[in-house]
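If you want the building blocks of each chain, they are given just below.
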Amino acid sequence: MRLIIGLTYACHGSQKLLAIPGGGHGAAGIALVAGFVELFAGLSIAFGFLTRVAAFLASGEMAIAYFTFYVGAVDILAAKVFPIMNGGELALVLCWVFFFIIFYGPGRWSIDALLRKGRSSAPST
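On a predicted model such as this, the values are computed, not experimentally measured, just so you know. (Residues numbered from 1 in each chain as written. Predicted model: local features only at pLDDT ≥ 70, side-chain atom pairs only at ≥ 80, totals over all residues. Heavy atoms only, no water.)

Novice: When you look at the overall build of the chain in this model, what are you seeing that I'm missing?
Specialist: For the chain, the count of helices and strands is seven helices and zero strands. Dimensions along the principal axes, computed over C-alpha positions, put the chain at roughly 65 × 30 × 25 Å. Buried residues in the chain amount to 34% of all 125 residues. Relative to all contacts within the chain whose residues are 6 or more apart in sequence, the contacts with residues 24 or more apart total 60%. Roughly 8,100 Å² of accessible area belongs to the chain as shown, and the carbon and sulfur atoms make up 74% of that amount. (Helix = DSSP H or I, 4+ residues; strand = E, 2+ residues; numbered from the N terminus. Buried < 20%, exposed > 50% of the residue type's maximum accessible area, 1.4 Å probe, protein only. Contact = heavy atoms within 4.5 Å. Areas by Shrake-Rupley, 256 points an atom, 1.4 Å probe, with all protein chains shown as cover.)

Right, here's the structure in full:
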């Protein structure tokens, strides 16, 4: 899950910053910051490097995106309450998936696990 979600999230950032994959729309202002967070946090989450920090940043960015661009952009009360009505389902799901990753951690197959494997908590004799 971490690999697929991370790479998909990184694709959003690369599209904003590099116009890859196809049809990038460029980025300025807050979208530029979002592009950097999406690209670097997405790759970090995908490969399991500083996973909890990257997931924290990504979750926060998705929460800001949801409340700013989906809840804040509609006038109807029901559309503010139900994500299906304001179009913010993906942002909301990603926010909670990244929030889950903060607490679950990177897992066994990650760069963080490889780095942790070299450390020993017990003193050597």
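Novice: Just checking my understanding: could you explain the side chain of Ser 14 for this structure?
Specialist: Along the chain, Ser 14 turns up in helix 1 (residues 2-18). Note on Ser 14: relative accessible area 10%, which makes it buried. Here Ile 20 takes part through its backbone oxygen, which lies 2.5 Å from a polar atom of the side chain of Ser 14. If near-sequence neighbours (up to four positions away) are discounted, Ser 14 is found in contact with Ala 19, Ile 20, Pro 21 and Leu 39. (Polar contact = N/O pair within 3.5 Å; in protein donor to acceptor, adjacent residues only side chain to side chain.)

Novice: When you look at the layout of surface pockets in this model, what are you seeing that I'm missing?
Specialist: If a probe as big as a water molecule is rolled over the atoms, it shows which places are left empty. Taken as a whole, the largest pocket encloses approximately 450 Å³ of empty space. When contributions to the lining of the largest pocket are tallied by element, the ones reaching two or more residues are helix 1, helix 2 (30-47), helix 3 (51-71) and helix 6 (89-104). Grouping the amino acids of the lining of the largest pocket by side-chain chemistry returns 14 nonpolar, two polar and three charged. Lining the second largest pocket are Met 1, Arg 2, Leu 3, Phe 100, Ile 101, Tyr 104, Gly 105, Pro 106, Gly 107 and Trp 109. A class-by-class count of the residues in the lining of the second largest pocket yields seven nonpolar, two polar and one charged. (1 Å grid on protein atoms, 1.4 Å probe; cavity = no way out; pocket = protein on both sides within 12 Å on 5 of 7 lines; lining within 4 Å. Points joined across faces, edges and corners; volume = space filled by probe spheres on them. Nonpolar A, V, L, I, M, F, W, Y, C, P; charged D, E, K, R; others polar.)

Novice: What am I meant to see in the packing of aromatic side chains here?
Specialist: In the structure shown here, the tally under the stated rule is seven aromatic pairs. Ring geometry for Phe 100 versus Tyr 104: centroids 5.3 Å apart, planes at 15 degrees, classification stacked. Linking Phe 100 with Tyr 104, this pair stays in helix 6, spanning four residues, or about one helical turn. The exposure class assigned to Tyr 104 is exposed, which follows from its relative accessible area of 58%. An aromatic cluster of three or more residues is present, and its members are Tyr 66, Phe 67 and Tyr 70. (Phe/Tyr/Trp six-rings, centres within 6.5 Å; stacked < 30°, edge-to-face > 60°.)

Novice: Any chance you could explain helix 1 here in plain terms?
Specialist: With 17 residues, helix 1 should reach 24 Å at 1.5 Å per residue; the first-to-last C-alpha distance of 23 Å fits that figure. Positive phi appears at Ala 19, one or two residues downstream of helix 1, with a value of about 60 degrees. (Expected span 1.5 Å × (residues − 1).)

Novice: Can you help me understand the nonpolar core in this one?
Specialist: Soluble globular proteins tend to bury their nonpolar side chains together. Residues Tyr 9, Ile 45, Ala 55, Ala 58, Met 62, Phe 98 and Ile 101 are the most contacted members of the largest nonpolar core, which totals 17 residues. Listing elements by their share of this core, those giving two or more residues are helix 2, helix 3 and helix 6. Apart from residues lying up to four places away in sequence, Tyr 9 is in contact with Val 37, Glu 38, Ala 41, Gly 42, Ala 58, Glu 61, Met 62, Leu 94 and Phe 98. (Core = buried A, V, L, I, M, F, W, Y, C linked by side-chain atoms within 4.5 Å.)

Novice: Whenever I open this one, the pattern of salt bridges confuses me. Can you help?
Specialist: Close approach of charged atoms lets side chains of opposite charge pair. Taken as a whole and judged by the stated rule, the model has one salt bridge. A salt bridge links Lys 16 to Glu 38, with the nearest nitrogen and oxygen atoms 2.8 Å apart. Of this pair, Lys 16 sits in helix 1 while Glu 38 sits in helix 2; the two residues are 22 residues apart in sequence, bridging distant segments of the chain. In this structure, Lys 16 and Glu 38 share a single accessibility class: buried. (Salt bridge = Lys/Arg side-chain N within 4 Å of Asp/Glu carboxyl O.)

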